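One-letter residues, chain by chain:
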Amino acid sequence: MGYLLEVKNLTKRFGGLVAVNNVSLGVNAGEVVGLLGDNGAGKSTLIKMISGVYKPDGGKIFFQGREVNIENPMDALSMGIETIYQDLALAENLNVYSNIFLGREKLKKILGLIKVLDHDYMMQESEKVLKRLDIQIPSLKNKIRMLSGGQRQAVAISRSIYWDAKFLIMDEPTAALGIAEQKKVLDLVNLLKSQGIGIIIISHQLHDVFSVADRLVIMRRGVKVAERITKETNPDEVVGLIVGAETVEQT
Amino acid sequence: MQSLPLNKRMLIFVGKYWALMFLILETILFSFLSHGFLTLRGIQIIFFFGTAIFLLGTAETFVIITGGIDLSVGFIMGFASIVSAKIIVALANSGVSPAWSISIGVVLTMLIGLIPGYINGLLVARLRVPPFIATFSMLAVTHGVSELLIQGVPAKNLPYLANAIGNGYFIYIIPGKVVSFFNKPTASFRGETLLEIIPNVVVFSFILIGIFGFILKRTKFGQHTYAIGGNVDAAIRAGINVKRHLTLIYVISSFFATSAGIIYMLKYVTGKADAGAGFLLDSIVAVVIGGASLYGGKGTVGGTILGCLILAVLETGLRIMGVSTFDKYIAVGVILIFAVLIDQFFPELIHKGD
Amino acid sequence: MILENSEISGRIDLQKKIEAVAKYWSLIFIALLMIIFSFTGKGFLSLSNFQNIVHLSTVFLLLAGAETFVIITGGIDLSIGFIMGFSSVFSAKIIQVMYSGGASEMVSIVVGSISGLILSLIPGIVNGILIAKYRVPPFIATLGMWGITNGITLKICQGFPISSLPPKLVEIGNSYLLYIMPHKAMSFFRIPPGVADENIRNLIRIFPSSLFFSITVLTILWHLLKNTKFGQHTYAIGGNMDAAIRAGINVKRHLIYIYTLSAFLSGLAGVFNVFQTGIGNFTPYNAMYELFAIAAVVIGGASLMGGKGSIIGSILGVLLLKILENGLQISGIEPFYRFIAVGIILIIAVIIDQLFPDLF
Ligand SMILES: Nc1ncnc2c1ncn2[C@@H]1O[C@H](COP(=O)(O)OP(=O)(O)OP(=O)(O)O)[C@@H](O)[C@H]1O
Ligand SMILES: [Mg+2]
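Attention here is on the structure that accompanies the text. (Residues numbered from 1 in each chain as written. Chains lettered and ligands numbered in written order. Predicted model: local features only at pLDDT ≥ 70, side-chain atom pairs only at ≥ 80, totals over all residues. Heavy atoms only, no water.)

Residue and element names in this part refer to chain C. Mapping Ala-269 onto the fold places it in helix α11 (residues 251-277). Considered as a pair, Ala-269 and Ile-36 are 233 residues apart in the sequence and their alpha carbons are 31 Å apart. In this view, Ala-269 contacts Val-59, Leu-62, Leu-63 and Met-84; residues no more than four positions away in its chain are not counted. (Helix = DSSP H or I, 4+ residues; strand = E, 2+ residues; numbered from the N terminus. Contact = heavy atoms within 4.5 Å.)

This paragraph deals with the pattern of salt bridges. Residue and element names in this part refer to chain A. Counting across every chain of the model gives 16 salt bridges over all chains. The residue Glu-82 makes a salt bridge to Arg-104 at a minimum N-O spacing of 2.9 Å. Of this pair, Glu-82 sits in strand β6 (residues 81-84) while Arg-104 sits in the loop between α3 (96-100) and β7 (107-110), placing them 22 residues apart in sequence. For Glu-92, the salt bridge goes to Arg-152, with nearest N and O atoms at 3.0 Å. (Salt bridge = Lys/Arg side-chain N within 4 Å of Asp/Glu carboxyl O.)

Further remarks concern the interface of chain B and chain C. Taken together, the contact pairs 43 residues of chain B with 44 residues of chain C. Of the roughly 3,800 Å² buried between chain B and chain C, counting both surfaces, carbon and sulfur atoms make up 83%. Of the charged contacts in the structure, one is a salt bridge between C:Lys155 and B:Asp327, with a shortest N-O distance of 3.1 Å. Counting across the chain B and chain C interface gives 2 residue pairs in polar contact (both at pLDDT 80 or more). In the side of chain B that touches chain C, the residues fall into 32 nonpolar, 7 polar and 4 charged. (Buried area = accessible area lost by both parts, 1.4 Å probe. Polar contact = N/O pair within 3.5 Å; in protein donor to acceptor, adjacent residues only side chain to side chain. Nonpolar A, V, L, I, M, F, W, Y, C, P; charged D, E, K, R; others polar.)

For the rest of this paragraph, the subject is the sheet that holds strand β2 (residues 17-27) of chain A. Residues and elements named next belong to chain A. The strand order across the open sheet built from 4 strands is β2-β1-β4-β5, with neighbouring strands paired in antiparallel fashion. In this open sheet, the two edge strands, each paired with only one partner strand, are β2 and β5 (66-68). Recorded for the sheet is a direction-independent mean angle of 30 degrees between the axes of neighbouring strands. Strand direction decides the pairing type here: strand β4 (residues 58-63) and β5, joined by 3 bridges, are antiparallel. Bridged to Phe-63 within β5 is Arg-66. Packed onto the sheet, helix α1 (residues 43-50) meets β1 (5-14), β2 and β4 and runs at close to 120 degrees relative to β1. (Pairing = 2+ DSSP bridges. Axes fitted to C-alpha atoms, helices over the stretch in contact; angles between N-to-C directions.)

Looking now at the pairing of strand β3 (residues 32-37) of chain A. Every other side chain in a regular strand lies on the same face of the sheet, so the side chains alternate between the two faces. Residue and element names in this part refer to chain A. Extensive coverage of β3 is indicated by the burial of 6 of its 6 residues. Alternating residues of β3 divide into Val-32, Gly-34 and Leu-36 and Val-33, Leu-35 and Gly-37, and every residue in both groups is buried. The pairing of β3 with strand β10 (residues 198-202) spans 4 bridges and is parallel. Among the inter-strand pairings, Leu-35 is bridged to a residue of β10, identified as Ile-202. (Buried < 20%, exposed > 50% of the residue type's maximum accessible area, 1.4 Å probe, protein only.)

To continue, consider helix α3 (residues 73-93) of chain B. An α-helical segment advances 3.6 residues per turn. Residues three or four places apart therefore align on the same side. Residue and element names in this part refer to chain B. The end-to-end C-alpha distance of α3, which contains 21 residues, comes to 30 Å, matching closely the 30 Å that a straight helix rising 1.5 Å per residue would cover. Burial within α3 is extensive, with 17 of its 21 residues counted as buried. Where α3 ends, the next residue or the one after it, Gly-95, has phi of about 95 degrees, a positive value. (Expected span 1.5 Å × (residues − 1).)

With that settled, the discussion passes to the packing of helix α1 (residues 6-33) of chain B against helix α14 (residues 326-345) of chain B. Residues and elements named next belong to chain B. At a closest axis distance of 10 Å, the pairing of α1 and α14 adopts a crossing angle of 160 degrees. It follows that α1 is roughly antiparallel to α14 by the angle criterion. Side by side, α1 and α14 meet where Gly-15, Trp-18 and Phe-22 of the first sit next to Ile-335, Phe-338, Ala-339 and Ile-342 of the second. (Parallel < 35°, antiparallel > 145°, perpendicular 65-115°, else oblique.)

Residue and element names in this part refer to chain C. Look at helix α8 (residues 209-227) against helix α9 (residues 229-239): their axes get within 5 Å of each other, and the N-to-C directions meet at 65 degrees. Taken together, the axes of α8 and α9 lie roughly perpendicular to each other. When α8 is examined against α9, the residues Leu-224, Leu-225 and Asn-227 are found in contact with a partner set consisting of Lys-229, Phe-230, Gly-231, Gln-232, Thr-234 and Tyr-235.

The next subject is the interface of chain B and chain A. Facing 19 residues of chain B, the contacting portion of chain A comprises 25 residues. Interface area for chain B against chain A, summed over the two sides, is near 2,100 Å², with a carbon-plus-sulfur share of 58%. Taken as a group, B:Arg218, B:Gln223 and B:Arg237 account for 34% of the area that chain B buries against chain A, more than any other trio of residues on that side. The interface formed by chain B and chain A holds 0 salt bridges in total. Applying the counting rule to chain B against chain A returns 6 residue pairs in polar contact (both at pLDDT 80 or more). Those elements that provide at least two residues to the side of chain B that touches chain A are α8 (200-218), α9 (220-230) and α10 (232-237) of chain B. Ranked by residue count, the leading element in the side of chain B that touches chain A is α9(B), at 6 residues. When the residues that make up the side of chain B that touches chain A are grouped by side-chain class, the tally is 8 nonpolar, 7 polar and 4 charged.

Distances and angles like these do not, on their own, reveal function.
Written out as structure tokens, the structure reads:
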């Protein structure tokens, strides 16, 4: 069977800088792939091409076996590709449930013809999804501005899970979290994986990645330098790959 | 909330409702200081002269919530007053009936008036020109085009009907005898006390403001407007078509400025390039008093109308008292800074629970 | 492979050329305007016209200088036009009162000018405190000050220019460094004695004092921005305020200085205006000096996001706008087109800036 998501030879340039250079990788349904690399290696740029934030300068993206053309974030979302960004991307001036439904607001009709926001529905649904993830937030009417880093992360995750994602991309989902919340997120990843969702997870915490990922893809300066089955490698080798071969030889 | 001590709750109350309280105090003050202020007529005058700032304020509300600014509204208003006057005069002169001339003129101007906004929107959304610069350029261009159209002479010779609409009232009542809409009761009642209620232009303005206030508050479009102002990246990644949305925002702004221009033409039966030049500052100030932040993401049409009323009451009050308008500038400047300071000092108080 | 390389290097060459054009586009644009106007406008290409252009640019050069500093910090100062009007009216009022009260011409001029300058600091300090200490957005703080200074100015002068000032003012303000009466006489700073009125048309005036004045001020500003710690910190604050704070820069104090400097330069423009016109002039409500100064600064390559901009660029921006205005006027084009042209050029400036963000 083919990959759920596959990218071939993706390339992205920013002016003179080649942020992602000819990168190919595939992810199966129910599989977690860890994407590793130093700061500036091009991880975020790579996933932003999949989620439609950037348009690739070259290469192809396949989803569910078919080549797809992802022009903008809506394209990706409507295919079921959800993304949790490193910089969260929540509207801080809006409340919790408005963020969960941002861009896909639930509407109701008043007077039989005018479509308005259905606040009650959005609030109830958000409550359900937060409960499912065992996340506590005092009031869903609170603006994001008033939440802690961990709570914001939780909102971002609930937001992507609510929409029946087929594929989930997580860019450093545990970076801002306390120990307990980190564990909760990782449990969540395992849960989603068991539901057949394909996942790419980016993290600098090797420990996290090793505990959830089935496969590891390592990038350096925009290039994919290695791919390993998690069980067949170890953190030392991966660190060597991340920082570069020369350094490995020296040690 | 309940557990907070009383003085803190008072503070929250003041922080949240200071604009409303200010308006009430101001109104009370003026009704003592000047004769005939707090009467049916006095209040209607405030609204009648306030139409331009109500409309431009609403325009600016939409733009400012997205984190932008529209400096061109004043001159788009002037441009629209001239274009509508020119079209109507041309039609009337070529034998079209006044009613048709005015209707056609108004509709055409509404359409033409969308163009500057569309260009603003393209510049801001597609070419990523900062709103300040894009709309300032549009200010200069509409100013130039307006002057070009009238060559220094205000448009004139509009049909009398324009005046009748612009200065007419929605309801006329002769107590105990007659109620009529839009038209004064027939001549047989001459000499009786005639109550004129709600100027037409105020009715028109508030229908538009009401519709768009509703859109901002209750619809997806409104929600997205706030989201863009709060975090553009989040909005883009949530799949909102930000470019199209921003373009629409500037078109809406232009639409309101055009409406203000047409109403100006009806009220003063003329078109002038600088018809709205003086309202730019006032409209931005009103929006800020109404609780919007120039950094975007905040603001409501209701708040803006409150801000507009504070300015309109101030202006009318000072005028009735015969105080020089110079003081108005000072007062507006002080109120503006005051508004922002309150917002700075009580942010958590004001925004708690809303 | 080789072919590919040369293709790339060819592309880089081209890119460099485009970048050079983009960087100096305002200069190139000025040159183009000059060529066009020298054909279309009679008398455009003459010493006296150019001196006229720079003389009339003085006020804008000062205002643009002020706005350059503010914009580099990521702020904006909308009050400069009315602070200028304020200092103009205030100093003229003092001069008028003293002069009519019997003080000598020179004494009243000096006292009036200095008090106008000193008083212009106040709105700047208030702006700075509001912005730096109370975190009022610059747009709002200076817009508020816009209203306040406008109102106070109008109250002082009751809506009329302040006149009956000593004639010496205009003499100084419109003097030239050098006057030559061909084959007859030559003198510095004042018209050679004994030139009959009917001959005055033949008098050659060289180098307006106003140019000398603006060159002096702008050189100081240029030095301040380019070569000093103060200038460096100004850029740092605009580039990244948090980084500047963490680097130990006293950002609050710095911002207060910036807005005070801006007000001072506007005050200087106001006082100069008295010398230039011989009256104390309030700023008309929709003269929009501040907007044109901002336009010039942006044309000169500054970004409203802060961190970018230069005095030289702003000077070019002012000259571009002024040459355009003068040229169109001399070519007999109706004034309305000037507004349109300004709007379009401003857009061009910003779009070029968007296309080549890292050039300036
Ligand atoms: N919008 C952009 N414009 C220009 N350059 C960019 C842009 N986004 C990323 N880059 C550059 O591309 C390179 C890759 O950045 P990217 O964010 O993909 O790295 P990363 O692997 O996610 O790093 P980190 O672990 O720090 O998040 C970096 O050199 C970065 O500076
Ligand atoms: Mg990253």
